[in-house]
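Listed here are the chains, written in short residue letters.
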Amino acid sequence: MSAGLRIEHLSVEYAARRRLGRPQGDTHKVLTDIGFTLLAGETLGIVGESGSGKTTLGHAVLRMTPPSSGRILWDSVDLAALDDRGLRPYRPHMQLVFQDPYEAMNPRMSIGCVIAEPLILACGLTRRARRIRVAQLASQVGLDESLLTRYPRELSGGQRQRAALARALATKPRLLVLDEPTSGLDVSLQARILNLLRDLQAEKGLSYLFISHDLAAVSYIAQRTLVLFRGHMMEQGPTDALIRRPAHPYTAALLAALPVPAERKAANSAAEVTRLPPDPGSRACVYYAGCATAQPRCRTEAPIATTLGDDHLVACHYPLHGAARDF
Amino acid sequence: MTAGEAALAVSGLTLGLASGHARQPLVEDLSFRIGRGEMLAFVGESGSGKSLTAAAIFGLLPPGIRRMAGAIRVGGTELTALPERALRARRGRDMGLVFQNPLTALSPSLGVQAQIVETYRVHKGGTREAARGRARALLTEVGLSALAAGPDRYPHQLSGGMRQRVMIALALACDPGLLIADEPTTALDTLIQVQIMDLLTRLQRERGLAVLFITHDLRLAARYADRILVLYAGRAVEEGDAASFFIAPRHPYSRALRDAIPPVPADGRRLAEIPGQPPGPQTRIEGCRFAPRCPDVRDDCRRVVPTMGPLGVRVACLHPGAPAP
Ligand SMILES: Nc1ncnc2c1ncn2[C@@H]1O[C@H](COP(=O)(O)OP(=O)(O)OP(=O)(O)O)[C@@H](O)[C@H]1O
Ligand SMILES: Nc1ncnc2c1ncn2[C@@H]1O[C@H](COP(=O)(O)OP(=O)(O)OP(=O)(O)O)[C@@H](O)[C@H]1O
Ligand code: SF4
Ligand SMILES: [Mg+2]
Ligand SMILES: [Mg+2]
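Parameters and conventions
Residues numbered from 1 in each chain as written. Chains lettered and ligands numbered in written order. Predicted model: local features only at pLDDT ≥ 70, side-chain atom pairs only at ≥ 80, totals over all residues. Heavy atoms only, no water. Helix = DSSP H or I, 4+ residues; strand = E, 2+ residues; numbered from the N terminus. Buried < 20%, exposed > 50% of the residue type's maximum accessible area, 1.4 Å probe, protein only. Contact = heavy atoms within 4.5 Å. Salt bridge = Lys/Arg side-chain N within 4 Å of Asp/Glu carboxyl O. 1 Å grid on protein atoms, 1.4 Å probe; cavity = no way out; pocket = protein on both sides within 12 Å on 5 of 7 lines; lining within 4 Å. Points joined across faces, edges and corners; volume = space filled by probe spheres on them. Nonpolar A, V, L, I, M, F, W, Y, C, P; charged D, E, K, R; others polar.

**Describing the environment of B:V142**
Residue and element names in this part refer to chain B.
Now for step 1: Examined against the element boundaries, V142 turns out to sit in the loop between α5 (128-141) and α6 (145-149).
Now for step 2: When its relative accessible area of 0% is taken as the criterion, V142 is described as buried.
Now for step 3: Separated by 54 residues in sequence, V142 and I196 have C-alpha atoms that sit 9.1 Å apart.
Now for step 4: Apart from residues no more than four positions distant in its own chain, V142 is found in contact with R165, I168, A169 and L199.

Written as structure tokens, this is what we have:
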């Protein structure tokens, strides 16, 4: 299998929102030194709490947000080094399904036009050919053809998610960045979208970057998972290993928070940690303040990612061993 | 409230569109009880009527929706018989409400401590100083002791989890016996979600609070609630003990909901889907409303309307699965 996408030392900085007493031109780092490989036909899950940088990572990979350093290798071409013009031939290969498809759709466009839009931009199909292609895309994602004349607000959450998917598939991409594709949906719709994504992947050999804060959804769809905390990689590895034998205290805490009905009521709620967060600019581990296993060393020295074998990486001085939890 | 009286008792609640031509009520013949110190979870797909039921109990039905039948007793008082004035006085005193997005409920231009003081004084009167002491005690009780001691803060200066704690403190300001929490953790991160649920559980135990917890996360319900009631298209389809529920749901719909949740770790099997969609209020269905989607449907299901039964057997299905061993 070929390495479809390889990310090396990727960092993203935003201009700091202006605040009193802060010098202008200041930046804050939203992603720090992220690396991973996504094989063709595989899914990498990106997990992390709100604000951890998941969306930013997805956007940076697609070069919708400029990285401040690092490489984005797509079939050995470094996309990070290309300008807009240079990127143009690669754009159709990689598409994004937005975190909130409703926000991303033009409310005055019919669903059919929403799906057709990338076709108009990318290739010179005739109007008739376009209409046929849109119908084909709609049927691929299980969207009833009668809905194509409706407007975004007239669709249910699940239907809008399908439309967003059809639009993303229009240019026949090889990579899809799926930003929380099931977060707003209830369980029965989630199951259908997850199954649909799996079927499409099997049929077309697509690669997915699947962003979610729901470990259950990620464990269903992703062969590999990367855990983010405040823009830093905490752990990454085969999903099954990561869930059965989490090595990072943060991964273990996320797993402990997953409601398992067999364990009733607060039997294993995360221990309250009351340490103060380290000063900005300090060398402490980013997870220090919340960590249940931290030692004095963690306050003075940031851990660097080390391998546990089997493509399993962890950034922690004191990784956990063995099963943290029975399922 | 007399001994043995439930904190909340709803019977035969039916809600529908005030005008128009809906063929089907939005909530139909719903009955359930919550005892003191007990948590009941409402679970069901989007649109199943969970929030409308909560609104009816709180006496805040949206315009256009009407209670067509049913009784609602809170702490032994029949609310549906009360005039609007008396009802308004009880709301906020006998019941607290917490929902998904605290920002829509909190005033952006007033400090959170001041908001609790206001709420308390509106309902209970008393001096400002007494109310302030009460606000501090409440903030401490919900785990915000830093806010109780320090200067007051505006809602936008707090994190999502802190805001939800403030919402809970506000809902408890007048010592209600019943708390309705409509998707209180849906917008929060996983770790914060657990903290808020732990807090609700603690309050439920320490204060003997009755909690109606609304969610579409069956897993969360099974972990935290004492009992679960599953709603489908405005009707209760099953009610049971939360601990055994996940292991042996009896209604085919409850089973389908459970099987649609991805297991952790994954077991390699394809997720079960529920075919079709719940019927809208315009769709008239004879017999069982789940019949068009039910894997176990038989002929009689399309003729006979299954009912829950008074107590004991609480499953509205003509051919339910076996009970938990
Ligand atoms: N355009 C921007 N300018 C400045 N800061 C930004 C910008 N976009 C995002 N950020 C900041 O970058 C950080 C990461 O944001 P991001 O949206 O990537 O997180 P996320 O993990 O996707 O969160 P969520 O789960 O809430 O979607 C946050 O602290 C956010 O405030
Ligand atoms: N103001 C309203 N006017 C007309 N119909 C309404 C109104 N509010 C709700 N409904 C309808 O009543 C039914 C039940 O809605 P409700 O909000 O109680 O669902 P829910 O179970 O809380 O769903 P969710 O999980 O999406 O919050 C739905 O069919 C909905 O469309
Ligand atoms: S390095 Fe230390 S503080 Fe960081 S996660 Fe590991 S044990 Fe915790
Ligand atoms: Mg995001
Ligand atoms: Mg609701």
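**So, the pattern of salt bridges**
Now for step 1: Taken as a whole, this structure holds 29 salt bridges over all chains when the rule is applied.
Now for step 2: Here A:R297 makes a salt bridge to A:E301, at a shortest N to O gap of 3.2 Å.
Now for step 3: A residue is classified by how much of its surface remains accessible, and A:R297, at 37% relative accessible area, is partly exposed.
Now for step 4: Residue classification places A:E301 among the partly exposed residues on the basis of a relative accessible area of 34%.
Now for step 5: Connected through salt bridges with shared partners, the residues B:E38, B:R227, B:E239 and B:R314 form a single ionic network.

**Considering empty space enclosed by the protein**
Now for step 1: A complete count under the given rule lists two cavities of 30 Å³ or more for this structure.
Now for step 2: There is about 80 Å³ of room inside the largest cavity.
Now for step 3: Lining of the largest cavity is provided by 14 residues; of these, A:P249, A:C285, A:C291, A:C298 and A:C316 occupy positions nearest its centre.
Now for step 4: Counted as a void, the second largest cavity has a volume near 70 Å³.
Now for step 5: In this structure, the second largest cavity is lined by B:H251, B:P252, B:C288, B:F290, B:A291, B:C294, B:V297, B:C301, B:P306, B:C317 and B:L318.
Now for step 6: When its residues are assigned to classes, the lining of the second largest cavity shows ten nonpolar, one polar and no charged.

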